[in-house]
Amino acid sequence: MAYLSTPKLIFPTKDYRVTGLPFGKKSSHGGVFWGVHLGEDYFASAGTDVYACGRGTVVYAALHAGSQEKGNWGHVIIIRHKSPYSRRVFYSLYGHLGTSFKRIGEKVALGEPIGFIGEGNTPENGFWPAHLHFGIYMGPWKKEVLPGYWKEGEQRTRMEWWINPSEFIVDYEKKE
Ligand SMILES: [Zn+2]
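The present account deals with the structure reproduced in this document. (Residues numbered from 1 in each chain as written. Predicted model: local features only at pLDDT ≥ 70, side-chain atom pairs only at ≥ 80, totals over all residues.)

Moving on, we come to the pairing of strand S10 (residues 131-137). Of all seven residues in S10, seven are buried, a share of seventy percent or more. Residues of S10 alternate between two faces, with His 131, His 133, Gly 135 and Tyr 137 on one and Leu 132, Phe 134 and Ile 136 on the opposite face, all of them buried. Pairing between strand S3 (residues 40-43) and S10: four bridges, direction antiparallel. By the bridge assignment for S10, Asp 41 is matched with His 133. (Buried ≥ 20, exposed ≤ 12 C-beta atoms within 10 Å, placed from the backbone. Helix = DSSP H or I, 4+ residues; strand = E, 2+ residues; numbered from the N terminus. Pairing = 2+ DSSP bridges.)

Here you go:
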């Protein structure tokens, strides 16, 4: 199957900016290193529309409900893209959505609504304030959800497969 080419990228919400954990931030819990953030967080009201950052195909859409003990990320959507500039395949990831308007296999247009930011502090979405977690991934696709953090000793992902999302979008059309 031919991959949809993605000539242009936009930010995934209106007024998007990094208002929470930035990309690559080392997080600790009780003074102990816990993990490196693989995306960036935008805190906004529940119900804020989330858009596809570029044309592509939905390759993952599922609810990952958390619990009081273990936060998770509500609905998560992953879209596959292909750059006509670098010819590389990459993925955009949207976490902590309240719902998903899209299913696996559906094509999405640039800026098409795919869901909205879910309520914070709920069992479904995790026990933190309402926000979007947005990531850009360039590693191999294994048809399963991708992690939000890189954790030492875990083999789930590699830091070099992740890119600063805001920088990637701003520089996208300049990339060779
Ligand atoms: Zn995050």
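With 33 residues, the main nonpolar core has Val 50, Ile 77 and Tyr 94 as its most contacted residues. Only strand S4 (49-51), strand S5 (56-64), strand S6 (74-82), strand S7 (89-100), strand S9 (113-117) and S10 provide two or more residues apiece to this core. If we ignore the near neighbours within four places in the chain, the residues touching Val 50 are Pro 12, Thr 13, Tyr 94, Leu 97, Pro 113, Ile 114, Gly 115, Phe 116, Ile 117 and Leu 132. (Core = buried A, V, L, I, M, F, W, Y, C linked by C-beta atoms within 7 Å. Contact = placed C-beta atoms within 7 Å.)

Here we come to the sheet that holds strand S1 (residues 26-29). As summarised here, the arrangement of the three strands in space is S1-S2-S11, forming an open sheet in which the pairing is antiparallel. Each end of this open sheet is capped by a strand with a single partner; those strands are S1 and strand S11 (149-150). Here two bridges tie strand S2 (residues 32-37) to S11, and the two strands are oriented antiparallel to one another. Counted as the bridge partner of His 37 is Tyr 149 from S11.

Turning to its location among the elements, Gly 148 is positioned in the loop between S10 and S11. In sequence terms Gly 148 and Ala 65 are 83 residues apart; their C-alpha atoms lie 14 Å from each other.

Below, the discussion takes up unusual backbone geometry. One non-glycine residue, His 96, adopts positive backbone phi at about 70°. Structurally, His 96 is set in strand S7. Note on His 96: 32 C-beta atoms within 10 Å, which makes it buried. Its identity as a non-glycine residue notwithstanding, Asn 121 has a phi of 50°, on the positive side. With respect to the element layout, Asn 121 can be found in the loop between S9 and S10. Judged by local crowding, Asn 121 falls into the exposed class, with 11 C-beta atoms found within 10 Å.

With respect to the helices and strands, the residue Gly 118 is situated in the loop between S9 and S10. Look at Gly 118 and you get buried, because 25 C-beta atoms sit within 10 Å. Sequence separation between Gly 118 and His 131 is 13 residues; the distance between their C-alpha atoms is 7.4 Å.

As judged from the five bridges shared by S7 and S10, these two strands associate in the antiparallel manner. Looking across to S10, one finds that Gly 95 is bridged to His 133. For S7 and S9, the ladder comprises three bridges, and the chain directions are antiparallel. Counterpart to Ser 100 in the pairing with S9 is Gly 115.

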